[in-house]
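Below, each chain spelled out in residue letters.
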Amino acid sequence: MYYADMAVQGKDQHLQLLLEAKNKRGTSKIWAAKMRRNMYAHGLLPETPFFLLALPDKFYLWKDVGLSTDLIEPDYEINPEPFLEAYYPKAYTMPNVTLTLSEYEISSEGFELILSAWLHQILTVPSIDLLPANMNWIVNSGLFDAIHNGYLKLEELV
């Protein structure tokens, strides 16, 4: 059995995406590659077409790297702030306070809630044309086609 913060099965019931959420900022591609390598080296994750390491200021996406424990840099490095910023005020309630994205002090659980809301939107959006702005990477990588109309599992053994 394997553990993942989030897993998405495609509409064909096959595991397509594993998502690991870390509430950490200021990382690099090398840091992300080491994190992914360590998770796979310890046998924590199964093979899946896509692996997303999601942080508040960076998303790192790997495609089709299998179970390799080599130090492999991600295929995509994405700034998620433009498409996640709308979720922060909903997860962090302070009346009459306006914060910039970097000023939010959100828990790891709160960040996972933001990610699950965003991912649910991607899974259920009726059309590619209705994706949030700055989401071309999800289409270009093939991730959208792999997970659209699929099923999200939160913090489960997969």
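Quick caveat: nothing in here was measured; it's all calculated off a predicted structure.

1. Observations concerning helix α4 (residues 108–124)
Between the first and last C-alpha of α4 there are 24 Å, a value that for 17 residues agrees with the 24 Å anticipated at 1.5 Å per step. Taken together, the buried positions of α4 are Gly110, Phe111, Glu112, Ile114, Leu115, Ser116, Trp118, Leu119, Ile122 and Leu123.

2. Points about the pattern of salt bridges
In this structure the tally under the stated criterion is three salt bridges. Linking Glu20 and Lys22 is a salt bridge whose minimum nitrogen-to-oxygen distance equals 3.2 Å. What makes Lys22 partly exposed here is its relative accessible area of 27%.

3. A closer look at the pairing of strand β4 (residues 59–63)
With respect to burial, β4 is a largely interior element, four of its five residues being buried. Bridge count for strand β3 (residues 50–54) against β4 is five bridges, and the pairing is antiparallel. In the strand pairing of β4, Phe51 is matched with Trp62. Hairpin geometry of β3 and β4 is characterised by an intervening segment of four residues between the two adjacent antiparallel strands. Sheet topology places β4 next to strand β5 (residues 76–78); three bridges connect them, and they run antiparallel. Counted as the bridge partner of Phe59 is Ile78 from β5.

4. A few points about helix α1 (residues 29–41)
Helix length check: α1, at 13 residues, gives a terminal C-alpha distance of 18 Å against a target of 18 Å (1.5 Å per residue), a fit within 8%. Taken residue by residue, α1 has Ala32, Ala33, Arg36, Met39 and Tyr40 as its buried positions. Each buried residue of α1 lies within a common arc of 130° when the element is viewed along its axis, so the set occupies one face. The inward-facing, buried residues of α1 contact β2 (15–21), β3 and β4.

5. Some details on the packing of aromatic side chains
Aromatic ring pairs: the centre-centre distance and the angle between the two ring planes describe each pair. As enumerated under the stated definition, the model contains eight aromatic pairs in all. Considering the side-chain rings of Trp118 and Trp137, the 6.3 Å spacing of their centres and the 20° angle between planes classify their relative orientation as stacked. With Trp118 in helix α4 and Trp137 in helix α5 (residues 136–140), this pair connects stretches of sequence that are 19 residues apart. Looking at Trp118, the relative accessible area reads 0%, which means it is buried. Its relative accessible area of 5% is what places Trp137 among the buried residues. These aromatic residues form a ring-pair network of at least three members: Phe59, Phe83, Trp118 and Trp137.

6. Some words on the pairing of β2
Taken across its seven residues, β2 has six buried, putting it largely inside the fold. Bridge count between strand β1 (residues 3–9) and β2: four bridges; the pairing is antiparallel. Directly across from Gln9, in β2, lies its bridge partner Leu15. Here β1 folds back onto β2, and the loop between the two strands holds five residues, one of which, Gln13, carries a positive phi near 75°. Across five bridges, β2 lies against β3 in parallel orientation. Within the sheet, the bridge partner assigned to Leu17 lies in β3 and is Phe50.

7. Some points on unusual backbone geometry
Despite not being glycine, Gln13 has its phi angle at roughly 75°, a positive value. Along the chain, the position of Gln13 falls in the loop between β1 and β2. Not every positive phi belongs to a glycine, and Asp64 is a case in point at roughly 55°. Summarising the element assignment, Asp64 is placed in the loop between β4 and β5.

Criteria and cut-off values
- Residues numbered from 1 in each chain as written.
- Predicted model: local features only at pLDDT ≥ 70, side-chain atom pairs only at ≥ 80, totals over all residues.
- Heavy atoms only, no water.
- Helix = DSSP H or I, 4+ residues; strand = E, 2+ residues; numbered from the N terminus.
- Expected span 1.5 Å × (residues − 1).
- Buried < 20%, exposed > 50% of the residue type's maximum accessible area, 1.4 Å probe, protein only.
- Salt bridge = Lys/Arg side-chain N within 4 Å of Asp/Glu carboxyl O.
- Pairing = 2+ DSSP bridges.
- Arc of directions from axis to C-beta.
- Contact = heavy atoms within 4.5 Å.
- Phe/Tyr/Trp six-rings, centres within 6.5 Å; stacked < 30°, edge-to-face > 60°.

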